[in-house]
Amino acid sequence: MDRKPKGHILKRTGIRLPLIIWSVAVLYPIIWMIIGSFKSNAEIYANPWGLPASFNFQNFFDAWNNYNIDLGVFNSLFVTVVGALLTLILAVPTSYALERLTFKGSTVLFNLYIAAMMIPMVLGWIPLFFLLMNIGMLDNLFGLAIVYAVSQLPFSIFVLTTFMGSIPKELEEAAAIDGMSPYRILWKIITPLSMSGIITVTIMNAIQFWNEYFMALIFLQTRENYTLGLAIDFISREAAYTNAWGTLFASLTIAIIPVIILYAIFQRRISKGMTEGAIKG
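Calculation criteria
Residues numbered from 1 in each chain as written. Predicted model: local features only at pLDDT ≥ 70, side-chain atom pairs only at ≥ 80, totals over all residues. Heavy atoms only, no water. Helix = DSSP H or I, 4+ residues; strand = E, 2+ residues; numbered from the N terminus. Buried < 20%, exposed > 50% of the residue type's maximum accessible area, 1.4 Å probe, protein only. Contact = heavy atoms within 4.5 Å. Core = buried A, V, L, I, M, F, W, Y, C linked by side-chain atoms within 4.5 Å. Patch = residues over 30% accessible without salt bridge, like charges linked within 9 Å, V, L, I, M, F, W, Y side chains within 5 Å. Areas by Shrake-Rupley, 256 points an atom, 1.4 Å probe, with all protein chains shown as cover. Salt bridge = Lys/Arg side-chain N within 4 Å of Asp/Glu carboxyl O. Axes fitted to C-alpha atoms, helices over the stretch in contact; angles between N-to-C directions. Parallel < 35°, antiparallel > 145°, perpendicular 65-115°, else oblique. Left-handed = near helix turned anticlockwise from the far one by under 90°. Nonpolar A, V, L, I, M, F, W, Y, C, P; charged D, E, K, R; others polar.

A. Looking closely at the environment of Glu-99. Along the chain, Glu-99 falls in helix 4 (residues 69–100). On the basis of relative accessible area, Glu-99 is assigned to the partly exposed category, the value being 30%. In sequence terms Glu-99 and Phe-110 are 11 residues apart; their C-alpha atoms lie 8.9 Å from each other. Setting aside anything within four residues of it in sequence, one finds Glu-99 in contact with Thr-161, Met-164 and Gly-165.

B. Expanded view of the nonpolar core. In this structure, Val-92, Tyr-96, Leu-160, Ile-185 and Ile-190 are the most contacted members of the largest nonpolar core, which totals 21 residues. When residues of this core are traced back to their parent elements, those giving at least two are helix 4, helix 8 (153–165), helix 10 (182–193) and helix 11 (195–211). Here the element with the most residues in this core is helix 8; it accounts for 7 residues. If we ignore the near neighbours within four places in the chain, the residues touching Leu-160 are Ala-91, Val-92, Ser-95, Gly-197, Ile-198 and Val-201. Counting 20 residues, the second-largest nonpolar core is a separate cluster that includes Val-79, Val-82, Leu-144 and Met-215.

C. Representation of a nonpolar patch on the surface within the structure. Taken together, the side chains of Leu-71, Phe-74, Phe-78, Phe-142, Ile-146 and Val-150 present a nonpolar region at the surface, about 500 Å² in accessible area. Where the nonpolar patch is concerned, the elements lending two or more residues are helix 4 and helix 7 (141–151). Take Leu-71: it is sitting in helix 4. The class of Leu-71 is partly exposed, set by a relative accessible area of 31%.

D. Looking closely at the packing of helix 9 (residues 169–177) against helix 10. As a packed pair, helix 9 and helix 10 sit with axes 11 Å apart at the nearest point and diverge in direction by 155°. Considered as vectors, helix 9 and helix 10 are oriented roughly antiparallel to each other. Considering only the axes of helix 9 and helix 10, their crossing is right-handed. Where helix 9 approaches helix 10, its residues Leu-171, Glu-172, Ala-175 and Ala-176 are matched on the opposing element by Ile-185, Ile-189, Ile-190 and Leu-193. In the contact of helix 9 with helix 10, the residues fall into 7 nonpolar, no polar and 1 charged.

E. Local environment of the pattern of salt bridges. Counting across every chain of the model gives 3 salt bridges. The partner of Arg-100 in a salt bridge is Glu-172, and the shortest N-O contact between them spans 2.2 Å. Of the two residues, Arg-100 sits in helix 4 while Glu-172 sits in helix 9, which places them 72 residues apart along the sequence. Glu-172 carries the same exposure label as Arg-100, and that label is buried. As a salt-bridge pair, Arg-237 and Asp-233 come within 3.3 Å of each other at their nearest N and O atoms. Residue Arg-237 and its partner Asp-233 are located together in helix 13 (residues 228–242), separated by 4 residues, close to a single helical turn.

And the structure:
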């Protein structure tokens, strides 16, 4: 009788210990960075691992006012919101058409979207660069938002078709008998019932767009259009010459706090949405 509880405890410890170690490895640099954002340069050099003498917000003011982090935040917010909305506008009706409407080539089209998830985005950067240049949308935030939306379409369609496929067809048939058009059925019935999947896709896409760096680096050229990642990269290069490490830490803190808050608020919704999608699929 005594061996079973001990074995159970050892098993649970064996499972949790690697998770605890991994959590410390991930969280410690973030905590160290946030603490460093409240230190002066002298404190960072004198005691890089210790707590600040006082929590000074001067680094945040410098980052916001002197290094134009405010502009980077606005630009990232713009491409994130526009990109996420465009993805939904394109993905929701496409998912409904592929899942519910029978037409020639629908299976092939769906398989193409799934196959696109396996293609590295880096292969399209050079053609996209010349395409945006030819249509006059290079170094344009709206053009970047369109690229973001298109890049996440395959994933979004994959998730949403799974949710829409779980909705009973009898609801649509009853609505059609009542005289509702396919468009009204989509927006009045299918969309509300797929809300868990829509929220999950939107949050995951928004986090992806907010953190994206390489496409912004390639497609944006003027500092006024820099997203947050590019603005922080500019500060990191400046810090190498001006020793503005506290300002750099403050900029990084400004960048990650919205993501942490967003994920903390919707973590259960994201987990529930992904789990429901896997089960329904």
